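# Coordinate inspection notes
Below, each chain spelled out in residue letters.
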There are 2 protein chains.
Amino acid sequence: MTVPAQISALENASPRDLRLRIRSGGWDRPTAGLAPGFAQANLVVVPRGLAYDFLVFCQRNPKPCPLIDVTDPGSPEPARAAPGADLRTDLPRYRIYRRGRLEAEETEITRYWRDDLVAFLLGCSFTFEGAMVRAGLPVRHLEDGCNVAMYVTSLPCRPAGALSGPMVVSMRPLPAAAVPRAILVTGRYPGAHGAPVHAGDPTAIGVADLARPQFGDPPRIEPGEIPVFWGCGVTPQAVAMAAQVELMITHAPGHMFLTDLRDEDLAAG
Amino acid sequence: MTVPAQISALENASPRDLRLRIRSGGWDRPTAGLAPGFAQANLVVVPRGLAYDFLVFCQRNPKPCPLIDVTDPGSPEPARAAPGADLRTDLPRYRIYRRGRLEAEETEITRYWRDDLVAFLLGCSFTFEGAMVRAGLPVRHLEDGCNVAMYVTSLPCRPAGALSGPMVVSMRPLPAAAVPRAILVTGRYPGAHGAPVHAGDPTAIGVADLARPQFGDPPRIEPGEIPVFWGCGVTPQAVAMAAQVELMITHAPGHMFLTDLRDEDLAAG
């Protein structure tokens, strides 16, 4: 993949250095390519009253919702994933949802913070895509410089309290002979969606038209390639939005939280 | 390992058949050796008021507390691990704790059940011990027909709300040359404690005397063998007891819940 010039100037920066730069307003762009080798994470913030259901939902649906850290209520510090970080200021871009509707996009959320908010960090596909690249596997949307294609499936998530809905998946096309290796390589990272949930016929999981993803960009699929589907971190946001929760704050797409965890910390072991 | 005659008569019974037999009062003994290939589980039941902290505790301490199912409040059915089962009657033996003290041991808990109770199922070492046996690795306490040795360590668990305390580990001695294989084989099962947390010098994790375990039987250790330590399912019980919770119900040691999940369902992937 081509590395933009802004990123190559930061290529030796640690996750902590990058978080401080983001905190001070010096970076509000997507985080793909930053701090290679370190895990990036999806952010979901909800009030304590919904946090139990969300926690059970993640436990019941670990493929789309691989939970890597939960904050204490009211604390913006992810004590496992990045001690000393502040989740109110250390992501480049946030989205604020009220009753399931997008209300605002912000570069920090200090004024939205409350003593009853709980933050969840979920593993991100950047971790397993890095492993695919190291294994010599093609990652089409990186080659093409676009967003991964995401689809709402007919696979039901296991419900938890007020939360239910279909699983959202991301899709990467692969030559048929590369599919077993892709399964093995990504299956090493249960903390970052793990192995695919499906490979092959999209209609088997309720995806009618690969050319029309619900999120992201339409994919380029070459002859002889198999569509391979992984659980996607958009799932919990879509489900929580469908539940029309009073307040939910997430990262903006592609503007992830940079943790101090190594990608390998999300591997099984 | 030697299989008792009562078990060999049941060797073709499914987990469901065995649960029904237990429910009807036809089996109140330990479950080791029953339904080989299927995962057995630790049970922890607490009131909803403590369930959030316990859930976060498990998320933060997955080595000792590998969570495989959580019931809806008031429901005794583990919908993922064993649809149709009843956790009030389907284990051979239970322990009832009030304010951290053992109050009773029972063969069913129907009269203790309440609408606000939540049940947690945690993966069990039987899963990874089966994998060790299949890999040709010695499992000393199975060879010797005794209980595994368990120790309270100086390794702190990551606290969650009211819950904190040291990690409890189980120890299996292995010839030095067998340690890497044991790590790889057990590391495949993050849903059942996964890879060891330590191998070698016990004092490095605060264990002063291997001959005096806090739980289980003293181990036989041969010359040239290395003590290898895994996170242990006694940890959450010890921690919840230390918090003197109003009511906690667990399985009695060795009297586990027989799930419909395959051991391989607790493997990473």
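Keep in mind it's a predicted model, so treat the numbers as computed, not measured.

## Remarks on the overall build of chain A
When helices and strands are counted, chain A shows 7 helices and 11 strands. Summarising its shape, the C-alpha atoms of chain A cover approximately 55 × 45 × 35 Å along the three principal directions. In chain A, which comprises 269 residues, the proportion classed as buried is 47%. For chain A, contacts bridging at least 24 residues in sequence account for 78% of all contacts bridging at least 6.

## As for helix H7 (residues 234-242) of chain B
For an α-helix the count is 3.6 residues per turn, leaving residues at separations of three or four pointing the same way. A large share of H7 of chain B lies buried, amounting to 7 of its 9 residues. Of the positions making up H7 of chain B, those classed as buried are Val-234, Thr-235, Pro-236, Gln-237, Ala-238, Val-239 and Ala-240 of chain B.

## Structural notes on the sheet that holds strand S8 (residues 198-199) of chain B
Residue and element names in this part refer to chain B. With antiparallel pairing, 4 strands are arranged side by side in an open sheet as S6-S7-S9-S8. Unpaired on one side and paired on the other, strand S6 (149-156) and S8 mark the two borders of the sheet. Running over the sheet, helix H6 (residues 179-187) touches strand S7 (166-175), S8 and strand S9 (225-231) and is turned about 15° from S9.

## Thoughts on the sheet that holds strand S9 (residues 225-231) of chain A
All names here are of chain A. The strand order across the open sheet built from 4 strands is S6-S7-S9-S8, with neighbouring strands paired in antiparallel fashion. On the outer flanks of this sheet lie strand S6 (149-156) and strand S8 (198-199), each paired with one strand and no other. Bridge count for strand S7 (residues 166-175) against S9 is 7 bridges, and the pairing is antiparallel. If you follow Met-171 over to S9, its bridge partner there is Phe-229. Against the sheet, helix H7 (residues 234-242) touches S6, S7 and S9, its axis set at about 155° to S7.

## Describing the domain arrangement of chain A
All names here are of chain A. Segmentation of chain A into domains returns domain 1 (5-124 + 244-266) and domain 2 (126-236). Between domain 1 and domain 2, the C-alpha centre-to-centre distance is 22 Å. Domain 1 puts 24 residues into the contact, and the matching count from domain 2 is 23 residues. When residues of the side of domain 1 that touches domain 2 are traced back to their parent elements, those giving at least two are strand S1 (38-47), helix H3 (48-60) and strand S5 (117-123). Looking at the side of domain 1 that touches domain 2 element by element, the count peaks at 6 residues for H3. In terms of residue class, the side of domain 1 that touches domain 2 is built from 16 nonpolar, 4 polar and 4 charged.

## A look at the confidence of the model for chain A
Detailed reading of the predicted coordinates is not advisable wherever pLDDT is low. The share of residues in chain A with pLDDT of 70 or more is 97%, and the mean pLDDT across the chain is 93. Across the predicted assembly, pTM comes out at 0.88 and ipTM at 0.81.

## What to know about the interface of chain A and chain B
Facing the 15 residues of chain A at the interface are 15 residues of chain B. In terms of residue count, H3 of chain A provides more of the side of chain A that touches chain B than any other element does, 5 residues in total. A breakdown of the residues in the side of chain A that touches chain B according to their chemical character gives 8 nonpolar, 4 polar and 3 charged.

## Remarks on the pairing of strand S1 (residues 38-47) of chain B
Residue and element names in this part refer to chain B. Most of S1 sits inside the fold, with 9 of its 10 residues counted as buried. Pairing analysis gives 3 bridges linking S1 to strand S11 (residues 257-262), with the strands arranged antiparallel. What sits directly across from Phe-38, in S11, is Arg-262. Pairing of S1 with strand S10 (residues 247-251), which is carried by 2 bridges, proceeds in the antiparallel orientation. If you follow Val-45 over to S10, its bridge partner there is Ile-249.

## Comments concerning the packing of helix H4 (residues 125-134) of chain B against H6 of chain B
All names here are of chain B. In contact at an axis separation of 9 Å, H4 and H6 are set at 130° when each is read in the N-to-C sense. Classified by the interaxial angle, the pair formed by H4 and H6 is oblique. Considering the relative orientation of H4 and H6, their crossing is right-handed. Where H4 approaches H6, its residues Phe-128, Ala-131 and Met-132 are matched on the opposing element by Ala-182, Val-185 and Thr-186. Considering only residue class, the contact of H4 with H6 consists of 5 nonpolar, 1 polar and no charged.

Reading the values: rules and limits
Residues numbered from 1 in each chain as written. Chains lettered and ligands numbered in written order. Predicted model: local features only at pLDDT ≥ 70, side-chain atom pairs only at ≥ 80, totals over all residues. Helix = DSSP H or I, 4+ residues; strand = E, 2+ residues; numbered from the N terminus. Buried ≥ 20, exposed ≤ 12 C-beta atoms within 10 Å, placed from the backbone. Contact = placed C-beta atoms within 7 Å. Pairing = 2+ DSSP bridges. Axes fitted to C-alpha atoms, helices over the stretch in contact; angles between N-to-C directions. Domains from an automatic or database assignment. Nonpolar A, V, L, I, M, F, W, Y, C, P; charged D, E, K, R; others polar. pLDDT = per-residue confidence, 0-100. Parallel < 35°, antiparallel > 145°, perpendicular 65-115°, else oblique. Left-handed = near helix turned anticlockwise from the far one by under 90°.

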